[in-house]
Amino acid sequence: MNAKKTSLFIILLTLALGLAACSQDGPAENAGEEIDNAAENFGDTMEDATDDAGDSLEEAGDAVEDATDN
C-alpha cells in the first residue's frame, strides 16, 4: 500500500512540475509569436492596399464613364 502512495505522489509531482515548466515562454515560443504577428500585420497591409487599389480603379472607372457620357 505504501508503494502505491509513493508512486502516485511521484506521478503527481512530475505532472505538477511539468505544468509549471510549461508556463514560461521559451525563445522558440517568442519567435513563433513574432512571426505570427508579422504575418498578421502583412496580411492587414495587403488587405488595405487591395482595398485602396480597388477604390482607385472604381474612381477611374467612374471618371471614364463620366467623360464618355458627355
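Let me begin by describing the structure that accompanies this report. Predicted, not measured: the structure shown is a model, and the values here were computed from it.

This brings us to the overall build of the protein chain. When helices and strands are tallied, the protein chain shows 2 helices and 0 strands. Whereas a compact globule of 70 residues would reach a radius of gyration of roughly 11 Å, the protein chain reaches 30 Å, over 25% beyond that. Across its three principal axes, the protein chain shows a C-alpha extent of roughly 100 × 25 × 10 Å.

With that settled, the discussion passes to a nonpolar patch on the surface. Taken together, the side chains of Leu8, Ile11, Leu12 and Leu15 present a nonpolar region at the surface, about 400 Å² in accessible area. With respect to the helices and strands, leucine 15 occurs in helix H1 (residues 2–22). With relative accessibility at 51%, the residue leucine 15 sits in the exposed group.

On to the environment of alanine 31, then. Within the secondary structure, alanine 31 sits in helix H2 (residues 27–69). Alanine 31 sits in the partly exposed class, given a relative accessible area of 35%. Between the C-alpha atoms of alanine 31 and alanine 49, which are 18 residues apart in sequence, the distance is 27 Å.

Conventions we followed
Residues numbered from 1 in each chain as written. Predicted model: local features only at pLDDT ≥ 70, side-chain atom pairs only at ≥ 80, totals over all residues. Heavy atoms only, no water. Helix = DSSP H or I, 4+ residues; strand = E, 2+ residues; numbered from the N terminus. Rg over C-alpha atoms; globule rule 2.2 N^0.38 Å. Patch = residues over 30% accessible without salt bridge, like charges linked within 9 Å, V, L, I, M, F, W, Y side chains within 5 Å. Areas by Shrake-Rupley, 256 points an atom, 1.4 Å probe, with all protein chains shown as cover. Salt bridge = Lys/Arg side-chain N within 4 Å of Asp/Glu carboxyl O. Buried < 20%, exposed > 50% of the residue type's maximum accessible area, 1.4 Å probe, protein only.

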